[in-house]
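Commentary on secondary and tertiary structure
Listed below, chain by chain, are the residues.
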Amino acid sequence: MPKKVVLFFLTTFFYFFSIIAQANDDNLWSFLLHYKNNTFNIDDPNFYVKGIPSSLSEERQRTLTLLSEITPESKSFVCQFPARFKFIKNHHPLIKNAWHDYPLQTCSDYATYNARVPVDNIYLVFAAENISSPTSMMGHVFIRLEGENANSDPLNHAFSYFAIINSFNPLLLVTESLITGQEGRFSLMPYHEALFNYTEREGRSVWEYQLDASEETKQLIKDHLFELKDIRPSYYFTKYNCATVLYDIITLIEPELNSKRNEHKWITPRDLVKDIIELDVIKSKTIYINPIQGMKWLKWEVSNEVKTLRPEHFLEERAYLKSLAEKSIYNHLYINYLNDYYFSKNEISKQTLEQVKAEIPRLDDHFHSYQTSPEKAPNDSQYSLGVKKINNTNSLNLSILPASHKIMDSSAAFFTENALELGEIELALYENDVKLEQLTLYTVKNINSVDPHAHNLSWGWGAHFDRNNPTNLERTLGLNLEFGIGKSIDLQKNLLIYNLNYLGARADFKSQLPFFRLEVGSIYNLSNIFKVHLEGHRNWTNGYSSTEKKLLISYGNSAKARFVGSAGRKGVNDKFETTIELKLVNYF
């Protein structure tokens, strides 16, 4: 082969190789700066050399200029941003020559952090939804750092990003979380404290996913978390939340995660869990089920002799406990949870807890084989298209719900029947008109069944515009603010009944009226494929009384779509309105 041809192919190869290498370098730089869609998502100016830059290249040039010589200012930067310093040093020979023997251990804060936070393993941790908390109503993700220090002591830390809630005004919360931003914080704390907070104080279950990362990447992430720990970026429900932060961090392990992120309109904790599972970034999985939740789901699988076990059985009759546990996996799991429950209530000692665990080991990891798991949920956004008939008037209805789910959706990923609706818009297209049918600002409903070990309340609250006027059938658009509490009881494994008692107010252009509403209903849920919801309301408003009865049926054997049909009848002062609707719901 002629030398010129060989030289051409070699030159072409190295040219394209250099382009790929440069692209990888640029991507790493953008991840370290949390730069996405031409935007710096961290709006704290202390995260940058001299305030928020206009571009990645500007911040890189500022950094190169600062590090071109060793000064007190440049030393301060190196000690504050070790990951960025190492990146610049490794990709710019002049900087490498200037700083080649500079010991980072002379940075006192960094040296202390490096010694106290060993990172032999990194985990993504998912804490299940807490829909009573505005910032955790779609779950929460954070990082667990596990390792041994120089004395071979095992240490575990939790690194998390969260919002500071300064108000429970729903309108203010929506405005801050979507538009103006909430006060955000990074935290680094002992992992056992974080785990106790989620599982015991908040009653949430937790999933740990050990990530398959190289030693070099573990150190890079460790250094980057040090860079973040004192930064105060604004928290946004959609564009910068706990999940978006961890997408940037875990992309350092698996760059392909960045492409998966681009597939989402906005990012939720479950999206991240689903994506790392799909990309096979996980080495192992561990589950910590809240005892009350575990027992509630197992109560239909175990006998009464297991459900009626008392603390004295754990203290004095462990042979009997063991014989019950050996009869079935469900008995074994139930006794695990009951052991934890009695300890949390101080009815058995720590010694008894550990003795029972030794004889009847925890089997939480078996729980996902028959119960909820984060990856089972449909996507957190949906739109629907359907037809509706109100008396003799027909319409084509289109709705979009940016976040998150309704009662008639699959509840495979949840421990209760619940709904969370944020920002839903529904339009009705008539033959010669288009009307806003509904605008939901923030609505939550949690139907939490009473359990022998936990007398839970069901509740709901919300702020929404709709045309369901309790005083007449004129279908005028009005704003509703409401809050309700009640109870729910499981009649069998797939069937529950509930009641909610609402107090609220409704305002439109004609009037502003308080109201009281009694809601009763039942939900039959067959394997989350087929759901039937019977619902009845009675409203009392300033001398008016109205009733409404509704039957809803949904069917879906896929996480992508679901059919929902409903029929209802409303009565106000001897006048009646009948509604029939059929729609297709798609999740995205």
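For the structure, see preceding data.
Given the structure is predicted, the values throughout are model-derived calculations rather than measurements. (Residues numbered from 1 in each chain as written. Predicted model: local features only at pLDDT ≥ 70, side-chain atom pairs only at ≥ 80, totals over all residues. Heavy atoms only, no water.)

**Points about the packing of helix 10 (residues 242–250) against helix 12 (residues 269–278)**
Rules: Axes, fitted as lines to C-alpha atoms, cover a helix only where it is in contact. Angles between the N-to-C directions of the axes lie from 0 to 180 degrees. Under the scheme used here, helices are H or I runs from DSSP no shorter than 4 residues and strands are E runs no shorter than 2 residues, and both carry numbers assigned from the N terminus. Oblique is the label for every angle not falling under 35 degrees (roughly parallel), over 145 degrees (roughly antiparallel), or within 65 to 115 degrees (roughly perpendicular). Every residue pair with non-hydrogen atoms within 4.5 Å of one another is taken to be in contact. Each residue gets one label: Ala, Val, Leu, Ile, Met, Phe, Trp, Tyr, Cys and Pro are nonpolar, Asp, Glu, Lys and Arg are charged, and the others, such as Gly, are polar.
Between helix 10 and helix 12, whose axes approach to 8 Å, the crossing angle comes to 30 degrees. Considered as vectors, helix 10 and helix 12 are oriented roughly parallel to each other. Between helix 10 and helix 12, the contacting residues are Cys242, Ala243, Leu246, Tyr247 and Ile250 on the first element and Pro269, Asp271, Leu272, Asp275 and Ile276 on the second. Its residues placed into classes, the contact of helix 10 with helix 12 shows eight nonpolar, no polar and two charged.

**Let's talk about the environment of Gly203**
Its place among the elements puts Gly203 in the loop between helix 8 (191–201) and strand 7 (206–211). Separated by 88 residues in the primary sequence, Gly203 and Pro291 have C-alpha atoms spaced 8.2 Å apart. What Gly203 contacts, discounting residues up to four positions off in sequence, is Tyr198, Asn290 and Gln293.

**Focus: the sheet that holds strand 5 (residues 154–164)**
To be explicit about the condition: Here a strand pair is declared whenever DSSP counts at least two bridges between the two strands.
Sheet architecture is open: seven strands sit in the order 8-6-5-4-3-7-9, paired in antiparallel fashion. Lying at the two open borders of the sheet, with one neighbouring strand each, are strand 8 (234–235) and strand 9 (282–288). Note: strand 6 (residues 182–190) against strand 8, two bridges, orientation antiparallel. Bridging from a neighbouring strand, Glu183 pairs with Ser234 of strand 8. Here helix 9 (residues 215–228) sits on the sheet in contact with strand 3 (121–127), strand 4 (140–148), strand 5 and strand 6, set at roughly 55 degrees to strand 3.

**Here we look at the state of the cysteines**
Basically, it comes down to this: Cysteine sulfurs are considered disulfide-paired once they come within 2.5 Å of each other. Throughout this description, buried means an accessible area under 20% of the type-specific maximum (1.4 Å probe, protein chains only), exposed means over 50%, and partly exposed covers the range between.
In the structure shown here, the tally under the stated rule is one disulfide. Between the sulfur atoms of Cys79 and its disulfide mate Cys107 the distance is 1.9 Å. Between Cys79 and Cys107, the disulfide has an S-S torsion of -70 degrees and is therefore left-handed. In this pair, Cys79 sits in helix 3 (residues 72–80) while Cys107 sits in the loop between helix 5 (93–99) and helix 6 (108–116), placing the two residues 28 residues apart along the sequence. Given the relative accessible area of 3%, Cys107 is considered buried.

**Regarding the environment of Leu104**
Mapped onto the secondary structure, Leu104 falls in the loop between helix 5 and helix 6. Accessibility expressed as a relative area gives 13% for Leu104, which makes it buried. Placed 24 residues apart in sequence, Leu104 and Ala128 show a C-alpha to C-alpha distance of 39 Å.

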